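Inside the fold
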Amino acid sequence: TQLTAEKNFKHLNDLYITAPFDGKVTNIIPELGDDLTKGSSVLTITDYSRLIIELAFSEAVIKDIYIGQKATVNIEDLMQSIEGTVSYVSSSPIVTSMGEVTYNVEVVLDNPGYLKDGMNANIEIWANGTSQMSTESGKLEYIESQIISSKSSGTVESIYVYEDQFVRSGQLLVKLKNDDLEISSQATNLNLDELYHQLESAEKQLEDY
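Residues numbered from 1 in each chain as written. Predicted model: local features only at pLDDT ≥ 70, side-chain atom pairs only at ≥ 80, totals over all residues. Heavy atoms only, no water.

Looking at the environment of Ile65
What counts is decided by this rule: Counting from the N terminus, the helices are the DSSP runs of H or I reaching at least four residues and the strands are the DSSP runs of E reaching at least two. Whether two residues are in contact is decided by their heavy atoms: any pair within 4.5 Å suffices.
Tracing the backbone shows Ile65 in the loop between β4 (41-58) and β5 (70-75). Sequence separation between Ile65 and Ala127 is 62 residues; the distance between their C-alpha atoms is 6.4 Å. Every residue in contact with Ile65, bar those within four places of it in the chain, is listed here: Phe57, Val86, Val89, Val105 and Ile125.

Right, dumping it as structure tokens:
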């Protein structure tokens, strides 16, 4: 019974859908009163504050590139440059169709407010006193974007956010209602209370004995 109560408590918590990280809400799918099954897509949260780009550098310069190193991301669509930081350097070589050996390097940059995913850019890194360019251009990506799904089935009782709203990690987004689960949980809790009372009574009788 105790295990059932704990399981019901978890399922009841799953009726409250919260934000896993700071970000902006988009693509709110359900409406009030909609019935959702477990795993249904509810909305999308995207962290617009930072972006990443991963591009290849030649084998000749990779030894001079390291995590934490400053890098310049040249936004080709805007003809503008933004400073970023190397966040990952691959140790696995990639051989291009031309036979050149390259290594991928990832750079993270803060969004000044006007950058969007899909923008074309290249990376420039000063290594060993000289400017080194990525062997190609690529596209910016938001550092984190996640489709939030329901962890339990239920009816949409409340929607606490709107399109393009900024939310904080842990903030309540949507509340579901599941009458069957709530009734089952109440019945289990009553049964558990009764068992506790029986145990207390038995212990009292044992002390008297």
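Text resumes after the structure shown.
A closer look at the side chain of Gln69
Going by this rule: Throughout this description, buried means an accessible area under 20% of the type-specific maximum (1.4 Å probe, protein chains only), exposed means over 50%, and partly exposed covers the range between. In protein, a polar contact requires one atom able to donate a hydrogen and another able to accept it; more generally it is a pair of N or O atoms within 3.5 Å, and residues adjacent in sequence count only if both atoms are side-chain atoms.
Examined against the element boundaries, Gln69 turns out to sit in the loop between β4 and β5. Overall, the relative accessible area of 6% leaves Gln69 in the buried class. In terms of polar contacts, Gln69 uses its side chain to reach the backbone carbonyl oxygen of Asp64, at 3.4 Å. Only 2.9 Å separates the side chain of Gln69 from the backbone nitrogen of Tyr66, close enough to count as a polar contact. Ignoring any residue separated from it by four or fewer positions in sequence, one finds Gln69 in contact with Asp64, Gly84, Thr85, Val86, Ile125, Trp126 and Ala127.

What to know about the sheet that holds strand β3 (residues 35-36)
Short version of the rule: At least two bridges found by DSSP between two strands is the condition for calling them paired.
Ordered by their spatial adjacency, 4 strands build an open sheet running β1-β15-β13-β3, and the pairing between neighbours is antiparallel. The outermost strands of the open sheet, each flanked by one partner alone, are β1 (16-18) and β3. Of the pairings in the sheet, the one linking β3 to strand β13 (residues 154-159) comprises 2 bridges and is antiparallel in character. Across the sheet, the residue bridging to Asp35 is Thr155, located in β13.

Remarks on the confidence of the model for the protein
Quick reminder of the rule: For every residue, the predictor assigns a confidence score, pLDDT, that lies between 0 and 100.
Put simply, the protein has an average pLDDT of 86, and 80% of its residues get 70 or more. Overall, residues 1-5 carries pLDDT values under 50, and its contacts beyond four positions in sequence, including any with other chains, amount to 10 contacts.

Structural notes on the packing of aromatic side chains
Any aromatic ring pair is given by two values, namely how distant the centres are and how the planes are angled relative to each other. Our working definition: Ring geometry is summarised as follows: Phe, Tyr and Trp rings, the Trp one being its six-membered ring, pair when their centres sit within 6.5 Å, and such pairs are stacked at plane angles under 30 degrees, edge-to-face over 60 and tilted between the two. A positively charged side chain is recorded as over a ring if its NZ (Lys) or CZ (Arg) lies within 6 Å of the ring centre. The angle to the ring normal must also be within 35 degrees.
Summed over all chains, the structure comprises 1 aromatic pair. Aromatic side chains Tyr48 and Tyr142 sit 4.6 Å apart centroid to centroid with 65° between the ring planes, which places their arrangement in the edge-to-face category. Residue Tyr48 is located in strand β4, and its partner Tyr142 is located in strand β12 (residues 141-149); the two are separated by 94 residues in the primary sequence. Accessibility expressed as a relative area gives 27% for Tyr48, which makes it partly exposed. Judged by relative accessible area, Tyr142 falls into the buried class, the value being 15%. Just above the ring of Tyr48 sits the side chain of Lys24; from NZ or CZ to the centre is 5.1 Å.

Focus: the layout of surface pockets
In plain terms, the rule: A cavity here means a set of 1 Å grid points, computed over protein atoms only, where a 1.4 Å probe fits but cannot escape. A pocket is an open set with protein on both sides within 12 Å along at least 5 of 7 lines, and lining residues have an atom within 4 Å of a point. Grid points are joined across faces, edges and corners, and a volume is the space filled by probe spheres set on the points. Note on residue categories: nonpolar means Ala, Val, Leu, Ile, Met, Phe, Trp, Tyr, Cys or Pro, charged means Asp, Glu, Lys or Arg, and polar means any other residue, Gly included.
In this structure, the largest pocket spans a volume of roughly 170 Å³. When residues of the lining of the largest pocket are traced back to their parent elements, those giving at least two are β1 and β12. Of the residues assigned to the lining of the largest pocket, the class counts are 5 nonpolar, 4 polar and 2 charged.

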